[in-house]
Amino acid sequence: MPEPYGPLQPGEKEAIAPTGQGGAMDLALEEAESLEKTLPGQPAGPSQKARSLWSDAWHQLRRNPVFILSALLILFLVLIAIWPQAIASGDPLACDLSKSQQGSAPGHPFGYDTQGCDVYTRTVYGARASITVGICATVGAALLGSLLGGLAGFFGGWSDALLSRVADIFFGIPVVLGGLVFLSVVTSSTVWPVVGFIVLLGWPQIARIARGSVITAKQNDYVQAARALGASNGRMLLRHVAPNAVAPVIVVATIALGTYIALEATLSFLGVGLRPPTVSWGIDISNAAPQIRNAPHMLLFPAGALSLTVLAFIMLGDAVRDALDPKLR
């Protein structure tokens, strides 16, 4: 039987690849070395390194105008809360009754309130109390809720049942009514009683989210593999479960921060939250409400600042949620 191929000629190279049809075909050596193809629209070369959940989320957030706008606004609010003298040189407690309820004047663009205090200065300084309450309450509720909910979801059993029943009790307490009862017996004018009350009623929501996220994460294959290799419960919880279950908690906590700021203003409006001489948007709104017809500027500016702050945090939470949940893209 004659050979299917003749002798190689000088300068000729051979590359043979099976065709699957019982024969073979000749390929030039250059073609055999270029069998590895790249996808359309991607540069040739080694494949790109896969991004983690957090790097991919940051990649999405940097291109989201909602996130950029809300983050810049929140950064501005935090800066004036830390350093209000940067844009307001007056004293928020310096009042002149002779200027009571007067409108805009040179150097006082927002006018004066009933006591003759500068509305602009009080609006700027009011950011400190509201943002302090919101951030501290969110951090406290997130830490407490994540700890209790994570442990209950990971270990299950009687601890899970006990947490669920305790959380149901707190869910049944009306927030405003609970604030009226709890804070009416507190005489302190600092922010800490309000922070403690919000943490007390806010942790069950975070705990329920953390519990469900941990239950989902601990059923993954990598957790089961770590358990089969003899990893301790603490190592599995800290190294494998918690990093993959924290994303929903961050989203809920970010959105809740704006809600807590609004709750502080509501309690201060009702007279049981922050109290004078603390400067707060809720206190200024409460003082301006009876004079809304005669001097609407007293209510307009602190209420506008409060609404803008709450909106900024809610927008930030929505952007973070969209970035951390691939199903929403």
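**Things to note about the overall build of the protein chain**
Link 1 in the chain: Of the regular secondary structure elements, the protein chain holds 12 helices and 2 strands.
Link 2 in the chain: Going residue by residue from the N terminus, the α and β elements of the protein chain occur as β-β-α-α-α-α-α-α-α-α-α-α-α-α.
Link 3 in the chain: Total accessible area on the protein chain stands at roughly 19,000 Å², and carbon and sulfur atoms take up 64% of it.

**Comments concerning the pattern of salt bridges**
Link 1 in the chain: Within this structure, the stated rule accounts for 6 salt bridges.
Link 2 in the chain: In this structure, the salt-bridge partner of Asp318 is Arg321, at a minimum N-O distance of 3.9 Å. Of this pair, Asp318 and Arg321 both sit in helix 12 (residues 297–324), 3 residues apart, which is roughly one turn of the helix.
Link 3 in the chain: Here Arg321 ties to Asp322 by a salt bridge, and the two come within 3.5 Å at their closest N and O atoms.

**Section: unusual backbone geometry**
Link 1 in the chain: Cis geometry marks the peptide bond from Pro276 to Pro277, where omega comes out at 10 degrees.
Link 2 in the chain: Among the structural elements, Pro277 can be located in the loop between helix 10 (247–269) and helix 11 (281–288).
Link 3 in the chain: Despite not being glycine, Gln101 has its phi angle at roughly 60 degrees, a positive value.
Link 4 in the chain: Mapped onto the elements, Gln101 comes out in the loop between helix 3 (65–82) and helix 4 (119–155).

**Thoughts on the side chain of Thr309**
Link 1 in the chain: If you trace the backbone, Thr309 turns up in helix 12.
Link 2 in the chain: Here Thr309 falls in the buried class, since its relative accessible area comes to 0%.
Link 3 in the chain: Polar contacts involving the side chain of Thr309 include one to the main-chain carbonyl oxygen of Ala305, which spans 2.8 Å.
Link 4 in the chain: Once residues lying within four places of it in the same chain are set aside, the contact partners of Thr309 are Leu77, Ile261 and Trp281.

**Remarks on helix 5 (residues 157–171)**
Link 1 in the chain: An ideal rise of 1.5 Å per residue puts 21 Å on 15 residues; helix 5 measures up with 21 Å between its terminal C-alpha atoms.
Link 2 in the chain: Those residues of helix 5 not exposed but buried are Asp160, Leu163, Ser164 and Ala167. Looking straight down helix 5, one finds that the buried residues subtend no more than 100 degrees of arc, so they occupy a single side. Exposed and oriented more than 90 degrees from the buried face of helix 5 are Trp158 and Ile169.

**A few points about the state of the cysteines**
Link 1 in the chain: A full pass over the atoms with the stated rule returns 1 disulfide.
Link 2 in the chain: Through a disulfide, Cys95 is tied to Cys117; the S-S separation comes to 1.6 Å. Since a negative S-S torsion denotes a left-handed disulfide, the Cys95-Cys117 link at about 65 degrees is right-handed. Taken as a pair, Cys95 in the loop between helix 3 and helix 4 and Cys117 in the loop between helix 3 and helix 4 lie far apart in primary sequence, 22 residues in all.
Link 3 in the chain: What makes Cys95 partly exposed here is its relative accessible area of 40%.

**Notes on the packing of aromatic side chains**
Link 1 in the chain: Tallied over the entire structure, the rule returns 6 aromatic pairs.
Link 2 in the chain: Measuring from ring centre to ring centre gives 6.2 Å for Trp58 and Phe67, while their planes differ by 90 degrees; the resulting arrangement is edge-to-face.
Link 3 in the chain: Ring centres of Phe154 and Phe155 lie 5.1 Å apart, and the angle between their planes is 90 degrees; on these two criteria the pair is classed as edge-to-face.
Link 4 in the chain: These aromatic residues form a ring-pair network of at least three members: Phe110, Tyr120 and Phe301.

**A closer look at helix 6 (residues 175–183)**
Link 1 in the chain: All buried positions along helix 6 are accounted for by Gly178, Gly179 and Leu183. One face of helix 6 carries all of its buried residues, which in axial projection span an arc of 105 degrees.
Link 2 in the chain: On its buried face, helix 6 sits against helix 7 (192–217) and helix 10.

**Focus on the nonpolar core**
Link 1 in the chain: Counting 30 residues, the largest nonpolar core has Ile261, Leu306 and Leu324 as its most contacted members.
Link 2 in the chain: Counting residues per element, this core draws most heavily on helix 12, which supplies 12 residues.
Link 3 in the chain: With near-sequence residues (within four places) excluded, Leu306 lies in contact with Ile261, Ala265, Trp281 and Ile285.

**A few points about the packing of helix 4 against helix 10**
Link 1 in the chain: Between helix 4 and helix 10, the shortest axis-to-axis distance is 8 Å and the interhelical angle comes to 140 degrees. The angle between helix 4 and helix 10 places the two elements in the oblique class. Crossing of helix 4 against helix 10: the hand is right-handed. On the side of helix 4, the interface is formed by Ser130, Ile131, Val133, Gly134, Ile135, Ala137, Thr138, Ala141, Ala142 and Ser146, while helix 10 contributes Val249, Ala253, Leu257, Tyr260, Ile261 and Glu264.

**Overview of the environment of Pro109**
Link 1 in the chain: On the secondary structure map, Pro109 appears in the loop between helix 3 and helix 4.
Link 2 in the chain: For Pro109, a relative accessible area of 42% translates into the label partly exposed.
Link 3 in the chain: Taking the C-alpha atoms as reference points, Pro109 and Val119, 10 residues apart in sequence, are found 8.3 Å from one another.
Link 4 in the chain: Other than its neighbours up to four places away in sequence, Pro109 contacts Ser104 and Tyr120.

Definitions and cut-offs
Residues numbered from 1 in each chain as written. Predicted model: local features only at pLDDT ≥ 70, side-chain atom pairs only at ≥ 80, totals over all residues. Heavy atoms only, no water. Helix = DSSP H or I, 4+ residues; strand = E, 2+ residues; numbered from the N terminus. Areas by Shrake-Rupley, 256 points an atom, 1.4 Å probe, with all protein chains shown as cover. Salt bridge = Lys/Arg side-chain N within 4 Å of Asp/Glu carboxyl O. Buried < 20%, exposed > 50% of the residue type's maximum accessible area, 1.4 Å probe, protein only. Polar contact = N/O pair within 3.5 Å; in protein donor to acceptor, adjacent residues only side chain to side chain. Contact = heavy atoms within 4.5 Å. Expected span 1.5 Å × (residues − 1). Arc of directions from axis to C-beta. Disulfide = S-S within 2.5 Å. Phe/Tyr/Trp six-rings, centres within 6.5 Å; stacked < 30°, edge-to-face > 60°. Core = buried A, V, L, I, M, F, W, Y, C linked by side-chain atoms within 4.5 Å. Axes fitted to C-alpha atoms, helices over the stretch in contact; angles between N-to-C directions. Parallel < 35°, antiparallel > 145°, perpendicular 65-115°, else oblique. Left-handed = near helix turned anticlockwise from the far one by under 90°.

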